[in-house]
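Next come the chains, spelled out residue by residue.
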Amino acid sequence: MLVCQCNLISTKDIENIVVDLLDEDPWQLVVPAHIYRELGKRGQCCGCVPNIVDIIGKVTETYHLKLAGNAANLVDVRTRMKTLRKSTRQGGESERRRKDHRAA
């Protein structure tokens, strides 16, 4: 499936790069910038970045499940990412400032 229409990056391309990066160092943090760098491309509209992050999370989780062999002891990465996203969105104030400080 085509993930990035601007750069013609497919799901398989991303999965292969993530596995290659994890083969080098299984505990490194893989981010979309690594994917673009490995492909020799740059993010243009960056609308694909959330999809790339999801693919990286899925591939990393399956890689570590295969590496460990015992899936019962590992934390589900996707569930933990969802709870972190929800916790940052609660309250609606991302700047942590009072709303009356603005002039507009």
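The coordinates are above.
Residues numbered from 1 in each chain as written. Predicted model: local features only at pLDDT ≥ 70, side-chain atom pairs only at ≥ 80, totals over all residues. Heavy atoms only, no water.

Let's talk about the overall build of the protein
Thought 1: Of regular secondary structure, the protein possesses four helices and two strands.
Thought 2: Listed N to C, the secondary structure of the protein is β-β-α-α-α-α in terms of helices and strands.
Thought 3: Looking at the protein as a whole, 25% of its 104 residues are labelled buried.
Thought 4: Accessible surface, the protein as shown: approximately 8,000 Å² in total, 52% of it carbon and sulfur. (Helix = DSSP H or I, 4+ residues; strand = E, 2+ residues; numbered from the N terminus. Buried < 20%, exposed > 50% of the residue type's maximum accessible area, 1.4 Å probe, protein only. Areas by Shrake-Rupley, 256 points an atom, 1.4 Å probe, with all protein chains shown as cover.)

Describing the environment of Gln44
Thought 1: Along the polypeptide, Gln44 turns up in the loop between helix H2 (32-39) and helix H3 (49-68).
Thought 2: Under the relative-accessibility criterion, Gln44 is labelled exposed at 55%.
Thought 3: Sequence separation between Gln44 and Gln5 is 39 residues, and the spatial gap between their C-alpha atoms is 9.8 Å.
Thought 4: Among the polar contacts made by the side chain of Gln44, one reaches the side chain of Asn7 at a distance of 3.2 Å. (Polar contact = N/O pair within 3.5 Å; in protein donor to acceptor, adjacent residues only side chain to side chain.)

Comments concerning the environment of Gly47
Thought 1: Within the fold, Gly47 resides in the loop between H2 and H3.
Thought 2: Residues Gly47 and Cys4 lie 43 residues apart in sequence; the distance between their C-alpha atoms is 7.9 Å.

Considering the nonpolar core
Thought 1: Among the nonpolar cores identified, the biggest contains 17 residues, and Ile14, Val18, Val30, Ile35 and Ile52 are the most heavily contacted of them.
Thought 2: Not counting residues within four places of it along the chain, the set of residues in contact with Ile14 comprises Val3, Ile9, Ile35, Ile52 and Ile55. (Core = buried A, V, L, I, M, F, W, Y, C linked by side-chain atoms within 4.5 Å. Contact = heavy atoms within 4.5 Å.)

Some words on H3
Thought 1: For H3, built from 20 residues, the straight-helix expectation of 28 Å at 1.5 Å per residue is met to within 8% by its first-to-last C-alpha distance of 28 Å.
Thought 2: The set of residues buried in H3 consists of Ile52, Ile55, Ile56, Gly57, Val59, Thr60, Glu61, Tyr63 and His64. (Expected span 1.5 Å × (residues − 1).)

Some details on the packing of helix H1 (residues 11-24) against H2
Thought 1: Two elements in contact, H1 and H2, have axes separated by 10 Å at closest approach and are oriented at 100°. Between H1 and H2, the angle is such that the two are roughly perpendicular. In this structure, H1 contributes Ile14, Ile17, Val18 and Leu21 to the contact, and H2 contributes His34, Ile35, Glu38 and Leu39.
Thought 2: Each residue belonging to the contact of H1 with H2 can be placed in one class, and the counts come to six nonpolar, one polar and one charged. (Axes fitted to C-alpha atoms, helices over the stretch in contact; angles between N-to-C directions. Parallel < 35°, antiparallel > 145°, perpendicular 65-115°, else oblique. Nonpolar A, V, L, I, M, F, W, Y, C, P; charged D, E, K, R; others polar.)

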